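# Chains, contacts and geometry: an overview
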Amino acid sequence: RYRVGNNQQAEDLTATTFLKAWRARDQYTQHLSAFSTWVFSIARHVAIDHFRQQRDEITFDSLQTLADDHSLEEAIQRQNEQARLTALLAQLPAADRELIALKYGAELTNRDIAHLTNLSESNVGTRLYRIVRKLRDEWDE
């Protein structure tokens, strides 16, 4: 949901992930990784495939932003901040965006992220710290 930004699309991708996991269940090996790591790895590939095929479309959910309980001014402020954050994230290298998505979108631990990305746990922590610091510095400019 964090990476896609659309609840319906996230649900569809989740269904695809579990369908692929079910079909490949015989390929899971417990001694190589935790089940959750295996499923997140499948989800990561499903998301990558989705973004490769994605076209620029305006979703119904995005049009309903202004229909919230909040005032128009608050909705525009939130939309501007989200656009600004999206622009800052877009400037990051793909590997850094992936780390941010796994940490704050999927809410994985550094250890789980390390297993998924083949990085050391300390490297994940260091890189996330530097990425967040860079984003904060750019946000404050």
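For the structure itself, look to the data block above.
In this numbering scheme, every chain counts its residues from 1 along its sequence in written order. Whole-chain, interface and lining totals are the exception, using all residues; otherwise, since this is a predicted model, local features are given only for residues with pLDDT of at least 70 and side-chain atom pairs are given and counted only at 80 or more. The side-chain quantities take in all heavy atoms of the structure and omit both hydrogens and water.

### Examining the overall build of the chain
In this description a helix means any DSSP run of H or I spanning at least four residues, a strand means any run of E spanning at least two, and both kinds are numbered starting from the N terminus. Summing up its helical and strand segments, the chain has seven helices and zero strands in all. Tracing the chain from N to C terminus, the helices and strands come up as α-α-α-α-α-α-α. For the chain, restricting intrachain contacts to residue pairs at least 6 apart in sequence, the fraction spanning at least 24 positions comes to 55%. Values of accessible area rely on a 1.4 Å probe in the Shrake-Rupley scheme; residue burial ignores everything except the protein chains shown. For the chain, the exposed surface amounts to about 10400 Å²; the carbon and sulfur share of it is 49%. Should any heavy atoms of two residues lie within 4.5 Å, those residues are counted as being in contact.

### Comments concerning the pattern of salt bridges
Definition used for salt bridges: Asp or Glu carboxyl oxygen within 4 Å of a side-chain nitrogen of Lys or Arg. For the coordinates displayed, the defined rule picks out three salt bridges. Among the salt bridges present, the one from Asp96 reaches Arg127, with a minimum N-O distance of 3.0 Å. With Asp96 in helix H5 (residues 94-105) and Arg127 in helix H7 (residues 121-140), this residue pair connects regions lying 31 residues apart in the sequence. Of the charged contacts in the structure, one is a salt bridge between Arg111 and Glu121, with a shortest N-O distance of 3.2 Å. One end of the pair, Arg111, is in helix H6 (residues 110-117); the other, Glu121, is in helix H7, with 10 residues separating them in the sequence. Only protein chains enter the accessibility calculation, which uses a 1.4 Å probe; a residue is then buried when its area is under 20% of its type maximum, exposed when over 50%, and partly exposed in between. A relative accessible area of 36% places Glu121 in the partly exposed class.

### Section: H5
Those residues of H5 that sit buried are Asp96, Glu98, Leu99, Ile100, Ala101 and Leu102. Two residues or fewer after H5 comes Glu107, characterised by a positive phi angle close to 55 degrees.

### Here we look at the environment of Thr109
Structurally, Thr109 can be placed in the loop between H5 and H6. Here the side chain of Thr109 touches Asp112 through a polar contact of 3.1 Å, landing on its backbone nitrogen. Within 3.5 Å is the distance limit for a polar contact, defined as a pair of N or O atoms, with the added protein rule that one can donate a hydrogen and the other accept it, and that residues adjacent in sequence qualify only through two side-chain atoms.

### A word on unusual backbone geometry
Phi is positive for Glu107, close to 55 degrees, though the residue is something other than glycine. Tracing the chain through its elements places Glu107 in the loop between H5 and H6.

### Section: the side chain of Thr17
Counting through the fold element by element, Thr17 comes out in helix H1 (residues 7-23). What makes Thr17 buried here is its relative accessible area of 5%. Beyond its immediate stretch of four places on either side in the chain, Thr17 contacts Val39, Ile42, Ala43 and Val46.

### Considerations on H6
Turning to H6, its buried residues number three or more, namely Ile113, Ala114, Leu116 and Thr117. Projected down its long axis, H6 carries its buried residues within an arc of 165 degrees, all on one side. In this fold, the buried residues of H6 make contact with helix H2 (35-53), H5 and H7. Where H6 ends, the next residue or the one after it, Asn118, has phi of about 60 degrees, a positive value. In this description, the arc belongs to the directions extending from the helix axis to the C-beta atoms.

### A short note on the packing of H5 against H6
Interaxial angles span 0 to 180 degrees and are taken between N-to-C directions of axes, which are lines fitted to C-alpha atoms, for helices over the stretch in contact. The interhelical angle for the contact between H5 and H6, taken along N-to-C directions, is 140 degrees, at an axis separation of 10 Å. When the axes of H5 and H6 are compared, the pair comes out oblique. Crossing handedness for the pair H5 and H6: right-handed. Contact with H5, carried on its side by Leu99, Leu102 and Lys103, involves Asn110, Ile113, Leu116 and Thr117 of H6 and no other residues of that element. Per-class residue counts for the contact of H5 with H6 are four nonpolar, two polar and one charged. Our angle categories are set so that under 35 degrees counts as roughly parallel, over 145 as roughly antiparallel, 65 to 115 as roughly perpendicular, and the remainder as oblique. Note on convention: the crossing is left-handed when the near helix lies turned anticlockwise from the far helix by less than a right angle, right-handed when the turn is clockwise. Classes in brief: Ala, Val, Leu, Ile, Met, Phe, Trp, Tyr, Cys and Pro nonpolar; Asp, Glu, Lys and Arg charged; the others, Gly included, polar.

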